[in-house]
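# Reading the structure
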Amino acid sequence: MTATVTTPGPRRARIISKKAVLPWLFLAPALLLALVFKFLPMGKGVWLSFFDVRPFLGDKWVGLDNYTRVLTDHRFQDAIGHTLLLGVGMSLGGIVVGSALALLLEGQARSLKIIRTAVFLPVVTATAVVGEMWRLMYYPTSDGLINSGLGLFGLGPVPYLDNPDTALWATMAMGIWMLAPYNMVIILAGLAGVDRSLYEAAAMDGVSLWQRLRHITLPAIRPALGIVLTLAAIRGLRVFTEVYVLTGGGPAGSTDVWMTRAYTLGFTRNDIGGASAASVVLLCVTLLLTVTVNYLRKRGDVK
């Protein structure tokens, strides 16, 4: 008798190929939209950053002149400082407030679920709506919500958005209010993985609340904090809508950030080449910062 050996036929190969292709078929519409509305415009922006864009007259190659002009412009240099200050303040404030909210609202009680939902509303509310709401709260007369509260203590009124010394800090407060609930949800997910028996053992040993937070809670939520820090670093440099809606970069440029400056250069002064160069610089800095934060986060996890 001769033994017969069966080998995988073309039918098995077709099944494998179908399994490999099927996920890409589902992803194809999203990938097509991303290609048309994100990656192609991004590539076009990089290309235009090397030209003096002159509609109906033809674009003129200028090389790196747009980048030199942007990086040496004192208004862009001021915008860098505002961007860093606003980004760092919003990021750290959002993490601190989000962590405090997560610790306060952790639990399975139904009332806590309702409160968490209410706290999360700023994240899903349109930024334009939030900006108009805070503009009314910051109304510079005694009729404004915040100023009326200060009036009870004999203070104010304070022109929050009309004073160059306070406008950036007022914008930062609104940004923290919007970002903290988002960070809260991520940190809550990290807190869900904490072993509750560790809290019980620490309580029996008489460990203080601060020591429990330091030695049990913080190590357990370190991955969640790493994610929050990465997202905060990206959002901090790309801040735009909050500033544009609330102050428009004013007064006297005191809240002008990198993206509002690029927007003004491109859509107000019609300097498309300069605005493209500013956007490319921001993209490169964002990528560098993201890679650096991820590297430091992974290095910390290894330790």
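Residues numbered from 1 in each chain as written. Predicted model: local features only at pLDDT ≥ 70, side-chain atom pairs only at ≥ 80, totals over all residues. Heavy atoms only, no water.

## Things to note about a nonpolar patch on the surface
- A surface patch of nonpolar side chains, about 1,000 Å² in accessible area, is lined by Leu32, Leu33, Leu35, Val36, Phe37, Phe39, Leu40, Met42, Val46, Leu283 and Leu287.
- Of all the secondary structure elements, the ones that give two or more residues to the nonpolar patch are helix 1 (10-48) and helix 13 (272-302).
- For the nonpolar patch, the element with the most residues is helix 1, which contributes 9 residues.
- Looking at where leucine 35 falls in the secondary structure, it is placed in helix 1. (Patch = residues over 30% accessible without salt bridge, like charges linked within 9 Å, V, L, I, M, F, W, Y side chains within 5 Å. Areas by Shrake-Rupley, 256 points an atom, 1.4 Å probe, with all protein chains shown as cover. Salt bridge = Lys/Arg side-chain N within 4 Å of Asp/Glu carboxyl O. Helix = DSSP H or I, 4+ residues; strand = E, 2+ residues; numbered from the N terminus.)

## A look at the packing of aromatic side chains
- Under the criterion given, the structure shown has 12 aromatic pairs.
- Taken together, a centroid distance of 5.1 Å and an interplanar angle of 40 degrees make the contact between tyrosine 138 and tyrosine 160 tilted. Of this pair, tyrosine 138 sits in the loop between helix 5 (127-137) and helix 6 (145-151) while tyrosine 160 is found in the loop between helix 6 and helix 7 (167-191), placing the two residues 22 residues apart along the sequence. The same class applies to tyrosine 138 as to tyrosine 160, namely buried. (Phe/Tyr/Trp six-rings, centres within 6.5 Å; stacked < 30°, edge-to-face > 60°. Buried < 20%, exposed > 50% of the residue type's maximum accessible area, 1.4 Å probe, protein only.)

## Observations concerning the UniProt feature "transmembrane region" (unreviewed entry) in the protein chain
- The UniProt record marks residues 21-40, 84-105, 117-137, 167-194, 215-234 and 272-296 with the feature "transmembrane region" (unreviewed entry), using the residue numbering of this structure.
- Helix makes up 100% of residues 21-40 and strand 0%. Its end C-alpha atoms lie 24 Å apart.
- End-to-end, the C-alpha atoms of residues 117-137 are 23 Å apart, and along that stretch the chain is 90% helix and 0% strand. (UniProt positions renumbered as here; feature names shortened; annotations may be inferred.)

## Considering unusual backbone geometry
- For the bond from glycine 250 to proline 251, the omega torsion is -5 degrees, close enough to zero to count as cis.
- Relative to the helices and strands, proline 251 is located in the loop between helix 11 (241-246) and helix 12 (258-267).
- A positive phi angle, near 55 degrees, is found at alanine 252, a position not held by glycine.
- Looking at the secondary structure, you find alanine 252 in the loop between helix 11 and helix 12.

## A word on the nonpolar core
- Counting 16 residues, the largest nonpolar core has Ala102, Ile187 and Leu191 as the members making the most contacts within it.
- Elements with a contribution of two residues or more to this core: helix 3 (74-104), helix 7, helix 8 (196-204) and helix 10 (222-237).
- Looking at which element gives the most residues to this core, the answer is helix 7, with 5 residues.
- Leave out the neighbours within four places in its chain, and isoleucine 187 touches Ile95, Gly98, Ser99, Ala102, Ile221, Ala224, Leu225 and Val228.
- Among the nonpolar cores identified, the runner-up in size contains 13 residues, and Leu237, Trp258, Val280 and Val281 belong to it. (Core = buried A, V, L, I, M, F, W, Y, C linked by side-chain atoms within 4.5 Å. Contact = heavy atoms within 4.5 Å.)

## Details of helix 2 (residues 65-72)
- Taken together, the buried positions of helix 2 are Asn66, Tyr67 and Val70. All buried residues of helix 2 fall inside an arc of 95 degrees around its axis, so they share one side. (Arc of directions from axis to C-beta.)

## Describing the layout of surface pockets
- If you add up the space inside the largest pocket, you get close to 760 Å³.
- Elements supplying a minimum of two residues to the lining of the largest pocket: helix 1, helix 12 and helix 13.
- When residues of the lining of the largest pocket are assigned to their parent elements, the largest contribution, 10 residues, is made by helix 13.
- Split by residue class, the lining of the largest pocket holds 17 nonpolar, 6 polar and 2 charged.
- Reported here for the second largest pocket is a volume of approximately 440 Å³.
- Looking at the second largest pocket, it is lined by 22 residues, and the ones nearest its centre are Leu92, Ile95, Leu229, Ala233 and Val293.
- Put simply, the parts of the chain that give the lining of the second largest pocket at least two residues each are helix 3, helix 10 and helix 13.
- By residue number, the principal contributor to the lining of the second largest pocket is helix 10, which donates 8 residues.
- Of the residues that constitute the lining of the second largest pocket, the class distribution is 13 nonpolar, 6 polar and 3 charged. (1 Å grid on protein atoms, 1.4 Å probe; cavity = no way out; pocket = protein on both sides within 12 Å on 5 of 7 lines; lining within 4 Å. Points joined across faces, edges and corners; volume = space filled by probe spheres on them. Nonpolar A, V, L, I, M, F, W, Y, C, P; charged D, E, K, R; others polar.)

## A closer look at the pattern of salt bridges
- Under the criterion given, the structure shown has 3 salt bridges.
- The salt bridge partner of glutamate 132 is arginine 135, with a shortest N-O separation of 3.6 Å. One end of the pair, glutamate 132, and the other, arginine 135, are both in helix 5, 3 residues apart, so they sit about a helical turn from each other.
- Between aspartate 256 and arginine 261 there is a salt bridge, with the nearest N and O atoms lying 3.7 Å from each other.

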